[in-house]
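# Overview (structure and organization)
In case you want the letters, here they are:
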Amino acid sequence: LEELAVHIARPDGTDPEILLETENATGVAWRGNEGLWVTRAASSGAAARRPVPVESGLYLYDLSAMQTKKVWAAGTRTPTAPLSLSDGRVAFALQASGSSPAEVIVWQDQGPQLRIPVPHNLYRLVAADRTGDRIWGVTLRDDGPRFVEIDLAERRVVDWAWNESAYRAVGSSPDGRA
């Protein structure tokens with residue numbers, strides 16, 4: 001993971017810019033016009049011996065200051081798949097580890113607003129409804145990918161069959177909404 005970092009593509013066709021302080025990125029989502037939500041895994045191997053190893057967590061990359069600020073530490077677990085929601089909230093997956101189940105965490109302001117257990121690790125959070133009350137994700141299982149619907153108000157997770165056309169349609173949505 002040490003080789004993964006966030007790159008910004010330029011519309012003028014110049015080479016993409018690597019954003020400093022985004023190594024070990026496991027996911028990225030826009031935070032309005034001012035920044036990016038970046039989930040990052042902890043440094044491992046030789047990278048863990050660097051003067052400032054990366055701590056697993058949720059980070060906010062400020063585009064005007066061009067710097068990253070850790071807003072939440074994930075401890076020994078790995079956060080992935082951030083998805084911006086309405087009202088400045090962000091949802092992301094916290095992958096299962098040992099006996100701890102995977103979770104979807106909804107972050108708002110100073111901390112986790114919701115923590116919802118999910119029966120399988122999430123590959124990606126792909127869409128949200130306009131209110132940000134329901135989100136959809138993709139899990140990868142032994143029998144193939146599946147959709148999950150996560151109802152934040154009811155704190156309920158529903159499995160759905162895989163549909164390649166739906167996945168492509170959601171992935172091409174200009175605003176990331178279902």
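Now for a look at the structure at hand.

Cut-offs used in this document
- Residues numbered from 1 in each chain as written.
- Predicted model: local features only at pLDDT ≥ 70, side-chain atom pairs only at ≥ 80, totals over all residues.
- Heavy atoms only, no water.
- Helix = DSSP H or I, 4+ residues; strand = E, 2+ residues; numbered from the N terminus.
- Buried < 20%, exposed > 50% of the residue type's maximum accessible area, 1.4 Å probe, protein only.
- Contact = heavy atoms within 4.5 Å.
- Areas by Shrake-Rupley, 256 points an atom, 1.4 Å probe, with all protein chains shown as cover.
- Core = buried A, V, L, I, M, F, W, Y, C linked by side-chain atoms within 4.5 Å.
- Pairing = 2+ DSSP bridges.
- Axes fitted to C-alpha atoms, helices over the stretch in contact; angles between N-to-C directions.

### A few points about the overall build of the chain
Across its full length, the chain holds one helix and 14 strands. Split into buried and exposed, the 178 residues of the chain put 42% on the buried side. Long-range contacts, defined as pairs at least 24 residues apart, comprise 35% of the intrachain contacts of the chain with a sequence gap of at least 6. A total of about 9,800 Å² of accessible surface is found on the chain, and carbon and sulfur atoms cover 50% of it.

### Let's talk about the nonpolar core
Among the nonpolar cores identified, the biggest contains 18 residues, and Leu-85, Leu-125, Ile-135, Ile-150 and Leu-152 are the most heavily contacted of them. Mapped onto this core, the elements with two or more residues apiece are strand S7 (79–84), strand S8 (90–94), strand S9 (102–108), strand S10 (111–118), strand S11 (122–128) and strand S13 (144–151). Aside from chain neighbours lying at most four places away, what touches Leu-152 is Leu-85, Arg-89, Val-106, Leu-114, Ile-116, Gly-132, Asp-133 and Ile-135. If you look at the next biggest cluster of nonpolar residues, it comprises ten residues, including Trp-37, Trp-72, Ala-74 and Ile-105.

### Regarding the sheet that holds strand S4 (residues 35–40)
One open sheet accounts for four strands, arranged S3-S4-S5-S6; its pairing is antiparallel. Each edge of the open sheet carries a strand with a single partner, namely strand S3 (25–31) and strand S6 (67–73). Within the sheet, the average angular offset between the axes of one strand and its neighbour, ignoring direction, is 25°. In the sheet, S3 pairs with S4 via six bridges, with the strands oriented antiparallel.

### Points about the pairing of S8
Look at any regular strand and the pattern is simple: side chains alternate between the two faces of the sheet. Among the five residues that make up S8, five are buried, leaving the element largely enclosed by the rest of the structure. Along S8, one buried face is formed by Val-90, Phe-92 and Leu-94 and the opposite face, lined by Ala-91 and Ala-93, is buried too. For S7 and S8, the ladder comprises four bridges, and the chain directions are antiparallel. Its bridge partner being in S8, Pro-79 is matched across the sheet by Leu-94. Between S7 and S8, which pair antiparallel in sequence order, lie five residues; one of them, Asp-87, sits at a positive phi of approximately 60°. The pairing of S8 with S9 spans five bridges and is classified as antiparallel. Each residue of the ladder has a partner; that of Leu-94, found in S9, is Glu-103.

### Some remarks on the environment of Ala-42
Positionally, Ala-42 belongs in the loop between S4 and strand S5 (57–62). On the accessibility criterion, Ala-42 (36% relative accessible area) is partly exposed. Linking Ala-42 and Asn-24, residues 18 residues apart in sequence, is a C-alpha distance of 7.1 Å. Residue contacts for Ala-42: discarding those within four places in its chain leaves Asn-24, Val-54, Glu-55 and Ser-56.

### Focus: the sheet that holds S9
Ordered by their spatial adjacency, four strands build an open sheet running S7-S8-S9-S10, and the pairing between neighbours is antiparallel. Strands with a single pairing partner mark the edges of an open sheet, and in this sheet they are S7 and S10. Each strand axis lies, on average, 20° off the axis of its neighbour in the sheet, ignoring direction. Alignment of S9 against S10, held across seven bridges, turns out to be antiparallel. Residue pairing for S10: Glu-103 is matched across the bridge by Pro-117.

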